[in-house]
Amino acid sequence: MYRFLLTPRWWGINLFVVLAIPFCVFMGTWQLGRFEDRVQTHEAAEKQPAPGTRAAKPIDELLPVDTVTSGRPATATGRYADQFLVPGRKLDDRTGFYVVGMLRTDSGKALPVVRGWLPGKAGHTSVPPAPAGDVTVTGDLQASESAGTAGVDATGGLPHGQVGMISAASLVNLVPYDVYDAWVTLQQSDVRTGGGASATGTSGTSGTSGTEETAGDEETAGKGGKGTATAAALRPVPATAAQGTGLDLKAFQNLGYLCEWFVFAAFVLFMWFRLVRREAEAARDVRLGLVADPDTADPDTAASDTAASDQEATPDREVGTVS
C-alpha cells in the first residue's frame, strides 16, 4: 500500500523532509541557547556589586570593554581638549543632549568623557565650560556606541561640533589625535558650584554661540539669542548595560524565533503525513476498482476501444449520405 514511497517523486519529498526537520530543530535550539545566554548574563549582572561600591581602576586596565568590565568605574588623568555635543538623548523622558569632553591623557590618546546631560536643543543651550588644567576623572566605563545603540543618530548632517554617536570610529575623524575605543560617564558633575559658571553656548570646536537657554527656568539672554546666561547644572548620565546582555526586547525575540522554527518543523511533518495519507487513499481506491489507474492502463486496449467507437459511428454517417 505504501510502495509509492519508493518512487522517484517521493524520494525527493522524503529527502526534503529528512533535511528540513533537523535544520528547523537546530535553529530553534540555537535561538534557545541565545536566550539562555542573555538570562545568565542578566543574572550575573544582578549579582555584581553596584558601580559606586566597586573600586575604580585605571582605564588601560579595563580595556577592551566587555560584559564584565562594562559599567566598572575607571579613572583617567589629563587635560580637556575639544568638546562635542550629542543631540537627541533622553533622560527621565526629557529630550536633551550629552556634553562630551575629549580628555587628552599622557599617552596622547583622548578619552571621551560624558560630563553630563542638559535639556534643550544642542547648540542653543548654554553649556558649562570644562575644568581647566590637569584633572582626574572617575566614571563608569562604556563601550563605543554603534548604529544599533538606543538614541544614536546615524543619519549624519549634524552641525559642526555635534556628533550622532560616541564612538572612536566617528570621533577620530574629527580630532587630530587618537581616541580610546571606549568612553566614560561621570558619576558626579565636574562643574564646581558657587562660582556662577557661565558659558556662551559654545559647542565642540566651532567657537560659535547660539540662542542661550538655561535648564529648568530656561531663561533666554536678550533678543536674538545673543549675550551670556548662567549655564545649567549638568546631570550625570547613568551607565547602561552592555549590548547583548539583559532581558531586553531582543532576548524575547529569540524566544519568538524559537517558536517559529519549531512551528516550521511541525508544519513540514504535518504536510508530509497529509500527502502520504492522500496518496495511500488514492492507491486504495485504485485497488478496489473505484477509479481507473492511469499508470496501469493498456495503451493497445485503449486504442482498440477508440477504433471500435469510430466504426460504430461510420455506418450512421454513410446511411445519412445515401438517403
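Everything numeric in this text was worked out from a predicted model, so none of it was measured.

Q: How do you make sense of unusual backbone geometry when you look at a structure like this?
A: A negative phi holds for most residues other than glycine; trans holds for most peptide bonds. Cis geometry marks the peptide bond from Leu63 to Pro64; its omega dihedral reads -5 degrees. Along the polypeptide, Pro64 turns up in the loop between strand 1 (57-58) and strand 2 (73-91). A positive phi angle is found at Asp92, which is not glycine, with a value near 55 degrees. With respect to the helices and strands, the residue Asp92 is situated in the loop between strand 2 and strand 3 (94-105). You can call Asp92 exposed: its relative accessible area is 54%. At Asp93, a residue that is not glycine, the phi angle is positive and equals roughly 65 degrees. For Asp93, the position within the fold is in the loop between strand 2 and strand 3.

Q: Help me out: how do you make sense of the nonpolar core in this one?
A: Most often, soluble globular proteins keep nonpolar side chains buried together rather than apart. Tyr98, Met102, Val114 and Ile166 are the most contacted members of the largest nonpolar core, which has 18 residues in total. Sorting the residues of this core by element identifies strand 2, strand 3, strand 4 (110-119) and helix 2 (168-171) as the ones contributing at least two each. Not counting residues within four places of it along the chain, the set of residues in contact with Tyr98 comprises Phe84, Leu85, Val86, Arg89, Val114, Gly116, Trp117, Ile166 and Val237. Leu111, Leu141, Tyr180 and Leu186 belong to the second largest nonpolar core, which has 15 residues in total.

Q: Please clarify how the pattern of salt bridges should be interpreted in this entry.
A: Any two side chains of opposite charge can pair if their charged atoms end up close together. Summed over the entire model, instances satisfying the criterion amount to 4 salt bridges. Note that Arg9 and Glu279 form a salt bridge whose closest N and O atoms lie 3.2 Å from each other. Of this pair, Arg9 sits in helix 1 (residues 8-47) while Glu279 sits in helix 3 (residues 249-287), and the two are 270 residues apart along the sequence. A salt bridge links Asp92 to Arg235; the shortest N-O distance between them is 2.5 Å.

Q: How should the environment of Gly123 be read in this particular structure?
A: Structurally, the position occupied by Gly123 is in the loop between strand 4 and strand 5 (134-142). On the basis of relative accessible area, Gly123 is assigned to the buried category, the value being 15%. Here the alpha-carbon distance between Gly123 and Pro159, two residues 36 residues apart in the chain, equals 8.6 Å.

Q: Whenever I open this one, the confidence of the model for the protein confuses me. Can you help?
A: Should the pLDDT be low somewhere, the predicted coordinates at that spot are not to be read in detail. For the protein, mean pLDDT is 77; residues scoring 70 or higher make up 72% of the total. Low pLDDT (under 50) marks residues 193-229, which in the prediction has 76 contacts with non-local residues, meaning those over four places away or in another chain. The low-confidence segment residues 316-323 (pLDDT under 50) makes 1 contact with residues lying over four places distant or belonging to another chain.

Q: Please clarify how the side chain of Arg89 should be interpreted in this entry.
A: Tracing the sequence through the fold places Arg89 in strand 2. Within the structure, Arg89 has its side chain in polar contact with the backbone oxygen of Gly164 (distance 3.2 Å). If we skip the residues at most four places from it in the chain, Arg89 touches Arg94, Thr95, Gly96, Phe97, Tyr98, Trp117, Glu145, Gly151, Val152, Gly164 and Met165.

Q: Help me understand helix 3, please; the structure alone is not making it clear to me.
A: Residue pairs three or four apart in sequence face the same way in an α-helix, which turns once every 3.6 residues. Its 39 residues give helix 3 an end-to-end C-alpha distance of 57 Å, which sits within 8% of 57 Å, the value for a rise of 1.5 Å per residue. Looking at helix 3, one finds that the buried residues are Ala251, Asn254, Leu258, Ala265, Val268, Trp272, Val276 and Ala280. Positioned one or two residues after helix 3, Gly289 has a phi angle of 75 degrees, which is positive.

Q: What is the right way to look at the packing of aromatic side chains in this model?
A: The geometry of an aromatic ring pair comes down to the distance between the two centres and the angle between the two planes. Tallying each qualifying case throughout the model produces 4 aromatic pairs. Between Phe23 and Trp261, the aromatic rings sit 5.5 Å apart at their centres with planes inclined by 85 degrees, giving edge-to-face as the arrangement. Highlighted residues: Phe23 in helix 1 and Trp261 in helix 3, separated in sequence by 238 residues. A residue is classified by how much of its surface remains accessible, and Trp261, at 21% relative accessible area, is partly exposed. It is Lys109 that lies over the ring of Tyr180; its NZ or CZ is 4.5 Å from the centre.

How each quantity is defined
- Chains are numbered independently. Their residues run from 1 in the order of the written sequence.
- Whole-chain, interface and lining totals are the exception, using all residues; otherwise, since this is a predicted model, local features are given only for residues with pLDDT of at least 70 and side-chain atom pairs are given and counted only at 80 or more.
- Only hydrogens and water are removed before side-chain values are computed, so all heavy atoms of the structure are retained for them.
- A run of DSSP states H or I qualifies as a helix once it reaches four residues; a run of E qualifies as a strand once it reaches two. Both are numbered from the N-terminal end.
- The classification of residues rests on relative accessible area computed with a 1.4 Å probe and restricted to protein chains. Under 20% of the type maximum is buried, over 50% is exposed, and intermediate values are partly exposed.
- Remark: nonpolar core denotes a set of buried residues (Ala, Val, Leu, Ile, Met, Phe, Trp, Tyr, Cys) joined through side-chain atoms within 4.5 Å.
- Residue contacts are counted whenever heavy atoms from the two residues lie within 4.5 Å of one another.
- By convention in these notes, a salt bridge is any Lys or Arg side-chain nitrogen within 4 Å of a carboxyl oxygen on Asp or Glu.
- For every residue, the pLDDT score states the predictor's confidence, bounded by 0 at the bottom and 100 at the top.
- Under the rule applied, a polar contact is a pair of N or O atoms within 3.5 Å (in protein, one hydrogen donor and one hydrogen acceptor; residues adjacent in sequence only if both atoms are side-chain atoms).
- The span you would expect from a helix comes to 1.5 Å times its residue count less one.
- The pairing test for Phe, Tyr and Trp rings, Trp by its six-membered ring, is centres within 6.5 Å, and the orientation test on the planes gives stacked under 30 degrees, edge-to-face over 60, and tilted for anything in between.
- Cation placement over rings: the criterion is NZ of Lys or CZ of Arg within 6 Å of the ring centroid and within 35° of the ring normal.

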